[in-house]
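Tertiary structure, described
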Amino acid sequence: MVKRFFVFLVLIIFIYQLLPLITNFKPNTELKHIANEYVESGPQKVGASNLVTSVVVTYRGLDTLGEIAVLFIATTGVGFVLKNKKEKKKTLRPASEILQTGTNFLLPLIFLFGIYVFVHGHLTPGGGFQGGVIITSGIVLLMLSNISFKLNHMVLNIVESLSGLSYVIMGILGLVLAAGFLDNGFISLGKFGTLFSAGAIPIIYSIIGFKVGSELTGIVEKMRK
Amino acid sequence: MLIINFIGLLLIVVGLWAMLTQKNIIKIILGFSIIDTGIHLLIISIGFIKGKTAPILDKAVEMEKAVEKVVDPIPSALVLTAIVIGLAITALMLSYAVQLHKMKKSLDINDFEELKW
Amino acid sequence: MIQVIIIVLGIIMLLAAILAIYSRNLIAAVISAGVISLFASIIYLLLAAPDVAMTEAAIGSGLTTIIFLFAIKKIKEDKEDSDG
């Protein structure tokens with residue numbers, strides 16, 4: 001009884017502090033200060049059609065580096081906490097025929113769609129994170145429909161480590177050959193709106209797509225066995 | 001918009017109440033995931049300007065007149081990072097829950113009292 | 001018109017959140033949390049943020065539900081191993 005009363009007290013103080021978000025809320029009518037600067041001079045300096053991509057990869061590139069570091073720490077933590085000591089022999093039922101036929105038909109299309117999303121990240125909505133998650137869900141479909149599917153752990157480790165290393169190497173190339181760390185100006189900004197524009201952004205997003213895909217596959221594989 | 005601020009705030013309150021009063025560890029982790037969704041709704045609703053469109057430049061939105069026609073792109077970039085980090089933290093918490101169940105064979109949080117004084 | 005759609009989606013999201021907390025069946029609770037993320041993705045599309053809508057639909061209502069269900073399966077297997 002006393003515990004419920006304290007929980008109610010905490011919630012009422014919390015709502016009371018956040019209430020000005022609803023009562024004194026004046027919505028924006030135009031872009032201000034930094035958003036104005038990013039939208040006005042973004043397309044000329046960075047060269048990408050998708051303004052959110054130019055903010056994520058170039059203007060706030062250090063935040064993306066921090067996010068990749070957090071994903072790596074979480075994957076290491078999951079791999080360290082879950083240990084399987086003994087091999088259990090269990091008999092699993094094979095999957096039904098609809099699932100197997102459907103997987104044979106859909107799997108190349110899912111991988112192709114994932115690669116399309118992260119290669120065209122600077123022209124259409126999308127990018128590295130979305131493409132990586134689509135590839136991971138394709139591999140989960142393969143795990144569910146094929147019982148004797150064994151993932152090659154060596155290939156997964158090599159892909160993940162090489163992607164992380166090449167992301168930092170691209171950043172250092174930007175520092176040496178262009179204006180700063182993770183700048184994309186050391187490859188020429190082509191014609192605005194085509195596939196080979198925006199300098200190094202397609203290459204950086206492809207590297208991020210492979211890294212996110214292989215890390216999330218490692219997490220799901222560890223939880224499955 | 002004002003109504004989305006209200007929905008986001010209610011989701012945060014429901015998630016916080018679930019984290020404080022439930023006894024099953026899996027329900028506590030579900031409450032954490034609901035708090036995450038509420039916070040992201042609140043952040044994107046602050047960057048919205050009425051009558052303007054998505055921040056992608058193509059034939060509909062030209063490069064010179066983009067300043068008067070696009071929504072703020074900065075909250076989208078922040079929330080993109082936050083969603084992926086939320087998934088990583090939820091996966092780590094679930095692996096802790098599986099390991100705790102192996103130790104004591106129970107999912108009730110009142111059974112783990114080695115750290116109480 | 002858009003206001004009416006947003007109010008209906010908001011009410012469904014709150015009902016799904018209350019169902020996720022008070023239901024006895026763990027699997028029903030996890031799927032209700034996936035439904036919350038799905039409707040939040042529709043609201044992001046109405047707020048002119050297509051990148052965030054794609055990310056939330058793939059991660060929130062795809063991978064989070066899968067990881068929860070794999071964890072519950074591992075707990076049930078462990079319980080059967082030690083009982084029987």
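Sequence order as written defines the numbering, with residues in each chain counted from 1. Each chain gets a letter, beginning with A, and each ligand a number, beginning with 1, in the order they are written. With pLDDT at 70 or above as the cut-off, local features in this predicted model cover only qualifying residues; side-chain atom pairs require 80 or more to be listed or tallied, and sums for whole chains, interfaces and linings still use all residues.

Observations regarding the overall build of chain C
Condition: The numbering of helices and of strands both runs from the N terminus, where a helix is a DSSP run of H or I of at least 4 residues and a strand a run of E of at least 2. Restricting the calculation to C-alpha atoms gives the radius of gyration, and the globule rule supplies 2.2 Å times the number of residues raised to the power 0.38. Any residue with 12 or fewer other C-beta atoms within 10 Å of its own C-beta is exposed, any with 20 or more is buried, and the rest are partly exposed; the C-beta atoms used are placed from the backbone. C-beta atoms are first placed from the backbone for all residues, and any pair lying within 7 Å is then listed as a contact.
Scanning chain C from N- to C-terminus turns up three helices and zero strands. Sequence-ordered secondary structure for chain C, helices as α and strands as β, is α-α-α. By the compact-globule yardstick of 12 Å for 84 residues, chain C is too spread out, its C-alpha radius of gyration being 16 Å. Principal axes of the C-alpha set define a box for chain C whose edges measure 60 × 25 × 10 Å. Across the 84 residues of chain C, 45% fall into the buried class. Contacts spanning at least 24 positions in sequence make up 44% of the contacts within chain C whose residues lie at least 6 apart.

Considering the overall build of chain B
Helix and strand content of chain B: three helices and zero strands. Secondary structure elements of chain B occur, N-terminal to C-terminal, as α-α-α. Expressed as a percentage of its 117 residues, the buried residues of chain B come to 43%. Sequence-distant contacts in chain B: of pairs separated by 6 or more residues, those separated by 24 or more amount to 55%.

Topic: the nonpolar core
Cut-off, in case you're wondering: A set of buried Ala, Val, Leu, Ile, Met, Phe, Trp, Tyr and Cys residues, joined through C-beta atoms within 7 Å, is what we mean by a nonpolar core.
Counting 94 residues, the largest nonpolar core has Ala17 and Ile67 of chain C as the members making the most contacts within it. Here this core takes 12 residues from helix 3 (residues 50–83) of chain C, the largest share from any one element. Leave out the neighbours within four places in its chain, and Ile67 of chain C touches Val220 and Met223 of chain A together with Ala91 and Leu94 of chain B.

Things to note about helix 1 (residues 2–21) of chain B
Here is the rule: Expected helix span is computed as 1.5 Å times (number of residues minus one).
Spanning 20 residues, helix 1 of chain B covers 29 Å between terminal C-alpha atoms, matching the ideal 28 Å at 1.5 Å per step. Buried within helix 1 of chain B we find Ile4, Ile7, Gly8, Leu9, Leu11, Ile12, Val14, Gly15, Leu16 and Ala18 of chain B. Looking at the buried side of helix 1 of chain B, the elements it contacts are helix 1 (2–18) and helix 2 (20–23) of chain A, helix 2 (25–46) of chain B together with helix 1 (2–22) and helix 2 (26–46) of chain C.

Let's talk about the packing of helix 8 (residues 153–177) of chain A against helix 9 (residues 201–224) of chain A
For any two helices packed against each other, the geometry is given by the interaxial angle and the distance between the axes. Residues and elements named next belong to chain A. Definition in use: Whenever a helix is involved, its axis is fitted only over the stretch in contact; in every case the axis is a line through C-alpha atoms, and angles between N-to-C directions fall within 0 to 180 degrees. Crossings are classed by handedness, with left-handed meaning an anticlockwise turn of the near helix from the far one by less than a right angle and right-handed meaning a clockwise turn. Classification convention: Asp, Glu, Lys, Arg as charged; Ala, Val, Leu, Ile, Met, Phe, Trp, Tyr, Cys, Pro as nonpolar; all other residues, Gly among them, as polar.
At a closest axis distance of 9 Å, the pairing of helix 8 and helix 9 adopts a crossing angle of 145°. Our pair here, helix 8 against helix 9, has a crossing hand that is left-handed. For the pair formed by helix 8 and helix 9, the contact residues are Leu156, Val159, Glu160, Ser163, Gly164, Ser166, Tyr167 and Met170 on the first element and Ile203, Ile204, Ile207, Ile208, Phe210, Lys211, Ser214, Glu215, Thr217 and Gly218 on the second. Along the lines of polarity and charge, the residues of the contact of helix 8 with helix 9 split into nine nonpolar, six polar and three charged.

Re unusual backbone geometry
For Lys105 of chain B, which is not a glycine, the phi torsion comes out positive at approximately 60°. The topology assignment puts Lys105 of chain B in the segment after helix 3 (74–104). The phi dihedral of Ala48 of chain C is positive, around 60°, even though this residue is not glycine. For Ala48 of chain C, the position within the fold is in the loop between helix 2 and helix 3. Judged by local crowding, Ala48 of chain C falls into the buried class, with 22 C-beta atoms found within 10 Å.

A few points about the interface of chain A and chain B
On the side of chain B, 36 residues touch chain A, which itself brings 37 residues to the contact. Sorting the residues of the side of chain A that touches chain B by element identifies helix 1, helix 2, helix 3 (33–45), helix 4 (51–59) and helix 5 (61–81) of chain A as the ones contributing at least two each. Of the residues contributing to the side of chain A that touches chain B, the split by class is 27 nonpolar, six polar and four charged.

A short note on the environment of Lys79 of chain C
All names here are of chain C. Its location among the elements puts Lys79 in helix 3. According to the C-beta neighbour criterion, Lys79 is partly exposed, with 14 such atoms within 10 Å. Once the C-alpha coordinates of Lys79 and Leu47 are considered, the two residues, 32 residues apart in sequence, prove to be 45 Å apart.

Quick word on the interface of chain C and chain A
The partner chain A presents 15 residues to the 13 residues of chain C that form the contact. Its residues assigned to classes, the side of chain C that touches chain A comprises nine nonpolar, two polar and two charged.

Quick notes on the confidence of the model for chain C
For any part of a model where pLDDT is low, the fine detail of the predicted coordinates should not be relied upon. To be explicit about the condition: pLDDT is defined as a per-residue confidence score from the predictor, taking values between 0 and 100.
For chain C, the mean per-residue pLDDT works out to 92, and 99% of the residues sit at or above 70. Under the prediction, the complex receives an ipTM of 0.91, its pTM being 0.92.

Looking at the environment of Tyr16 of chain A
As for its position among the elements, Tyr16 of chain A is in helix 1. Sequence spacing of Tyr16 of chain A and Gly126 of chain A is 110 residues, and the spatial spacing of their C-alpha atoms is 38 Å.

Things to note about the packing of helix 3 of chain B against helix 3 of chain C
Test applied: These descriptions rest on fixed angle ranges, namely under 35 degrees for roughly parallel, over 145 for roughly antiparallel, 65 to 115 for roughly perpendicular, and the rest for oblique.
One can describe the packing of helix 3 of chain B onto helix 3 of chain C by two numbers: an axis separation of 10 Å at closest approach and a directional angle of 0°. For the element pair helix 3 of chain B / helix 3 of chain C, the angle class is roughly parallel. Looking at side-chain class alone, the contact of helix 3 of chain B with helix 3 of chain C contains 16 nonpolar, six polar and five charged residues.

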